[in-house]
Amino acid sequence: MKKSLIRSDVELEEGPVKGQDLNSYLYMNLPSVYLFRMSSNVMHEDGILEGDVVIVDRSLLIENGDYVVMNINGTFLLRQFLDGREPRLVCADDSIPDINLTHVDECELFGVVSSIIRKTRVKKNANSRFNRGLNQYPYRRTPKTYPKDPNDNGRNFYM
């Protein structure tokens with residue numbers, strides 16, 4: 001019997017269906033948890049993309065290397081917090097400069113990022129081109145029409 005050269009990337013965790021709840025797994029039932037949607041791709045090198053839902057917990061204490069949501073001069077930013085002589089926020093994109101927190105006028109930590117949710121397949125919404133009458137059923141095949149055979153007395157022939 002041949003041994004497979006393919007290794008499994010995921011493991012199925014079995015457990016009682018009754019106890020599996022995404023809200024409790026992500027601690028979303030706590031009053032200190034907020035959801036943000038990323039509106040830019042500035043953290044794409046760290047795997048956080050535009051459209052991702054970022055779960056932020058205000059009850060977590062900030063640690064070196066955490067991803068945080070900060071309110072700086074009235075603007076919410078998601079960056080990685082690095083502690084050192086001068087604490088700073090760094091962006092994965094090298095074209096965006098680091099923010100030195102000691103030189104900022106108004107700075108407030110909103111919370112620490114605890115999880116990220118990403119949709120990999122999105123259903124079409126009511127405003128999509130499929131629901132505006134362009135193509136009611138986008139995956140339904142249109143009936144084929146075939147040329148008439150001159151020797152067939154008006155009936156269609158099929159290939």
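Presented here is a report on the structure given in the accompanying data block. (Residues numbered from 1 in each chain as written. Predicted model: local features only at pLDDT ≥ 70, side-chain atom pairs only at ≥ 80, totals over all residues. Heavy atoms only, no water.)

Thoughts on the nonpolar core
Put simply, the rule is: Among the buried residues, those of types Ala, Val, Leu, Ile, Met, Phe, Trp, Tyr and Cys that are joined through side-chain atoms within 4.5 Å form a nonpolar core. Exposed residues in this analysis have more than 50% of their type's maximum accessible area, buried residues have under 20%, and partly exposed residues fall in between, with area computed by a 1.4 Å probe over protein chains only. By the criteria applied, helices consist of DSSP H or I runs no shorter than four residues and strands consist of E runs no shorter than two, each listed in order from the N terminus. Residue contacts are defined here by distance: any two heavy atoms, one from each residue, within 4.5 Å place the two residues in contact.
Counting residues in each nonpolar core, the largest one holds twelve residues, listed as Met38, Val42, Met43, Ile48, Val54, Val56, Val69, Leu78, Cys91, Ala92, Phe110 and Val113. Secondary-structure elements contributing two or more residues to this core are strand 2 (53–57) and strand 7 (107–117). Residues within four places of Val69 in sequence aside, it is in contact with Phe36, Val56, Phe76, Leu77, Leu78, Glu108, Leu109, Phe110, Gly111 and Val113.

What to know about the side chain of Asp57
Put simply, the rule is: For the purpose of charge, His is not counted, nor are the chain termini; Lys and Arg are scored as positive and Asp and Glu as negative. A pairing counts as a salt bridge when a side-chain nitrogen of Lys or Arg comes within 4 Å of a carboxyl oxygen of Asp or Glu. Each polar contact in these results corresponds to two N or O atoms within 3.5 Å; when the atoms are within protein, one needs to be able to donate a hydrogen and the other to accept it, and residues that are neighboring in sequence are counted only if both atoms are side-chain atoms.
With respect to the helices and strands, the residue Asp57 is situated in strand 2. Despite its burial, Asp57 pairs with no opposite charge; the closest candidate is Arg58, at 7.9 Å N-O. Reaching out from Asp57, the side chain makes a polar contact with the side chain of Ser59 at a distance of 2.8 Å. With sequence-adjacent residues up to four places away left out, Asp57 is seen in contact with Leu30, Ser32, Val33, Gly111, Val112 and Ser114.

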